[in-house]
Amino acid sequence: MALEYKRNTLVVADYKKSLKIYCDILGFSVNYINISAADSYSYPVFNIPPEATATFVALDSPTQERTFALTEIKGIKLPKKTEPRMSVSVIKVDDLKGIIAKIKTLGLEVLVPYEDNTDGISYIEQGFVDFDGHLILLYQVLE
C-alpha cells in the first residue's frame with residue numbers, strides 16, 4: 001500500500017490577503033485558482049453552507065506541485081481562532097529570521113523562537129498565526 005501526503009488546505013476569508021504570506025513571504029507559487037461549483041466536494045468537506053461561495057487556490061512549493069492550498073469562503077462569517085489551537089502546519093525554511101521579520105511587518109502574532117537538537121540535528125523553530133488564526137510553525141536546520 002502506498003501512502004503519500006498530498007497537501008494541507010486552510011480555510012481563509014480573503015485568499016489575496018493570504019497570498020501575501022504564503023507566496024510573497026514563504027515562497028509558494030499559485031498553481032491555479034478555481035471558483036468552486038455548487039456541487040464541489042469542498043462544501044461537504046468543510047461543512048460550507050449552500051449560500052456561501054468557495055474559491056480554491058492550489059499552491060506549489062519549490063519542490064512539490066500543489067502541496068498547500070487555500071479555500072476562500074465568502075458569504076458567511078468565519079469563526080474566530082480557538083484555544084487551545086487545534087492544528088499546526090509545519091514548514092521548513094532556509095531563512096527563518098528574515099521570514100519572521102517580514103511576518104512581523106504584517107502585524108501578525110509571532111511566537112517566541114525555540115532551539116533544539118533531535119537525533120544530532122540542530123534546528124530553530126518559530127510559529128506565527130496567520131490572518132485567519134491558523135498556526136504556522138516554521139523551522140530551519142542549523143549548520
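Residues numbered from 1 in each chain as written. Predicted model: local features only at pLDDT ≥ 70, side-chain atom pairs only at ≥ 80, totals over all residues. Heavy atoms only, no water.

What follows deals with the sheet that holds strand 1 (residues 8-12). One key point about sheets: their strands pair by backbone hydrogen bonds, in either a parallel or an antiparallel sense. Reading across the sheet, the four strands line up as 1-4-3-2 and stay open at both edges, with mixed pairing between neighbours. Looking along the sheet, the strands with just one partner apiece sit at the ends: strand 1 and strand 2 (29-35). Strand after strand, the sheet turns through a mean of 20° between neighbouring axes, direction not considered. As paired elements, strand 1 and strand 4 (residues 68-74) share five bridges and run parallel to each other. The residue of strand 4 that forms the bridge with T9 is A69. (Pairing = 2+ DSSP bridges. Helix = DSSP H or I, 4+ residues; strand = E, 2+ residues; numbered from the N terminus. Axes fitted to C-alpha atoms, helices over the stretch in contact; angles between N-to-C directions.)

This part takes up helix 1 (residues 15-25). Listing the buried residues of helix 1 in full gives Y15, S18, L19, I21, Y22, C23 and I25. N-capping of helix 1 is provided by D14, with a side-chain oxygen placed 3.1 Å from the backbone N of K16. A positive backbone phi angle near 100° is found at G27, which sits one or two residues after helix 1. (Buried < 20%, exposed > 50% of the residue type's maximum accessible area, 1.4 Å probe, protein only. Polar contact = N/O pair within 3.5 Å; in protein donor to acceptor, adjacent residues only side chain to side chain.)

Across the protein, the average pLDDT comes to 94, with 100% of residues at or above 70. Across the protein, the secondary-structure element scoring lowest on mean pLDDT is strand 6 (residues 114-118), at 91, and the one scoring highest is helix 1, at 98. (pLDDT = per-residue confidence, 0-100.)

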